[in-house]
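What follows is each chain in one-letter form.
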Amino acid sequence: MTRKISAAGANRRVAARAVRYPSAVDENEAPIIDLRSDAHFMSQALREAHKAFNRGEVPIGAVIVHENRIIARAWNQVETLKDATAHAEMLALTAAQQALGDWRLENCTLYVTKEPCPMCAGAIVHCRPSRVVFGCPDPKGGAAGGWINLLDANPPLNHRCDTLSGVMGEESLRLLQTFFREAREKKKAEKQAGEIIPDT
Ligand SMILES: [Zn+2]
């Protein structure tokens, strides 16, 4: 037995579906977000950096992605943990190893908002992620090409990571600049307050 559907009925169904699944957005108005893109994962690392900022830590964040899934998130916690090694990358590497049950982070990508320092770059090489994507470069102390390069073409370290720089680099840098500017202003205000001689 076949059922006839009137044209009006069919249109109503289409209309109902359109309301329920509003996928027909104007692509000129709505940004298209690819949830597997470097920009998306870096935006997640930037969220971690904001957590650090809100807690008075140098705002650097990291996430580690395996098969398009975030398996570790971390923000810099040097002051919180009173641990100079608690950089975002170090904490994310440990969390990712726990998530995978393996110290080898093969087929993983580490996203971090600032170029890794030599300590983190050394740890990255030991953990062997396939890729490292970072936001702003660090010409003074970066170990992914800014100052030195421990991640690429370094035979003694026995692992080479593909690297990509500059993904959401401006946002990452702006957050760091804001943090250090506010820290300087706070220090200056405290110094001035200390210099005021109380009335006797
Ligand atoms: Zn570091």
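Check the entry above for the structure.
Nothing here was measured: the structure is a model prediction, and the numbers come from that model.

S.K.: Lay out the sheet that holds strand S1 (residues 61–66) in plain terms, naming residues and giving numbers.
M.R.: Pairing is mixed across the open sheet formed by five strands, whose spatial order is S2-S1-S3-S4-S5. At either end of the open sheet lies a strand with only one pairing partner, and these are strand S2 (69–75) and strand S5 (162–165). Each adjacent strand pair in this sheet contributes to an overall mean axis angle of 15 degrees, direction not counted. Here strand S3 (residues 108–114) runs beside strand S4 (residues 131–136); their pairing, made up of five bridges, is parallel. Counted as the bridge partner of Val112 is Phe134 from S4. On the sheet, helix H6 (residues 169–195) packs against S3 and S4 and is oriented at approximately 55 degrees with respect to S4.

S.K.: Tell me about the nonpolar core, and please be specific about residues and values.
M.R.: Grouped together as the largest cluster of nonpolar side chains are 43 residues, with contacts concentrated most on Ala92, Tyr111 and Ile124. At seven residues, helix H2 (residues 38–54) tops the list of elements feeding residues into this core. Ignoring anything within four residues of it in the chain, the contact list for Tyr111 reads Phe41, Met42, Ala45, Ala62, Val63, Val65 and Val133.

S.K.: Explain the pairing of S2 to me, using residue names and the numbers behind them.
M.R.: For S1 and S2, the ladder comprises six bridges, and the chain directions are antiparallel. From the neighbouring strand, His66 faces S2, where its bridge partner is Arg69. Between S1 and S2, which pair antiparallel one after the other, the connecting turn spans two residues, and Glu67 there sits at a positive phi close to 50 degrees.

S.K.: Quick one: what's the story with the packing of H2 against H6, residue by residue and with numbers?
M.R.: Interaxial distance between H2 and H6 falls to 11 Å at its minimum, and their mutual angle equals 5 degrees. What the angle tells us is that H2 and H6 run roughly parallel. Judged by residue contacts, Leu46, Ala49 and Phe53 of H2 engage Glu171, Ser172, Leu175 and Phe179 from H6. Tallied by class, the residues present in the contact of H2 with H6 amount to five nonpolar, one polar and one charged.

S.K.: How would you summarise H6 if you had to cite specific residues and measurements?
M.R.: Side chains that are three or four residues apart share a direction in an α-helix, a result of its 3.6 residues per turn. Given a rise of 1.5 Å per residue, 27 residues ought to cover 39 Å, and the 39 Å separating the end C-alpha atoms of H6 matches this to within 8%. Among the 27 residues of H6, two are classified as buried, and the element is accordingly described as predominantly exposed.

S.K.: Could you give an account of helix H4 (residues 88–100), naming the residues involved and the relevant values?
M.R.: For H4, spanning 13 residues, the distance from its first C-alpha to its last is 18 Å, which sits close to the expected 18 Å at 1.5 Å a residue. Taken from the residues just after H4, Gly101 is the one with a positive phi, measuring 65 degrees.

S.K.: Now, about the environment of Ala74: what can you tell me, with residues and values included?
M.R.: Tracing the backbone through its elements, the reader meets Ala74 in strand S2. Taking the C-alpha atoms as reference points, Ala74 and Ala62, separated by twelve residues in sequence, lie 5.4 Å from one another. Excluding residues that lie within four positions of it along the chain, Ala74 makes contacts with Glu48, Ala62, Ala88, Leu91, Ala92 and Ala95.

S.K.: Please provide a residue-by-residue account of the environment of Gly56, values included.
M.R.: As for its position among the elements, Gly56 is in the loop between H2 and S1. As for Gly56 and Gln77, which are separated by 21 residues in sequence, their C-alpha atoms are 9.4 Å apart.

S.K.: Any chance you could break down unusual backbone geometry for me, citing the residues and the numbers?
M.R.: Even without a glycine there, the phi angle at Lys82 is positive, about 50 degrees. Its location among the elements puts Lys82 in the loop between helix H3 (78–81) and H4.

Definitions and limits used
- Residues numbered from 1 in each chain as written.
- Predicted model: local features only at pLDDT ≥ 70, side-chain atom pairs only at ≥ 80, totals over all residues.
- Pairing = 2+ DSSP bridges.
- Helix = DSSP H or I, 4+ residues; strand = E, 2+ residues; numbered from the N terminus.
- Axes fitted to C-alpha atoms, helices over the stretch in contact; angles between N-to-C directions.
- Contact = placed C-beta atoms within 7 Å.
- Core = buried A, V, L, I, M, F, W, Y, C linked by C-beta atoms within 7 Å.
- Buried ≥ 20, exposed ≤ 12 C-beta atoms within 10 Å, placed from the backbone.
- Parallel < 35°, antiparallel > 145°, perpendicular 65-115°, else oblique.
- Nonpolar A, V, L, I, M, F, W, Y, C, P; charged D, E, K, R; others polar.
- Expected span 1.5 Å × (residues − 1).

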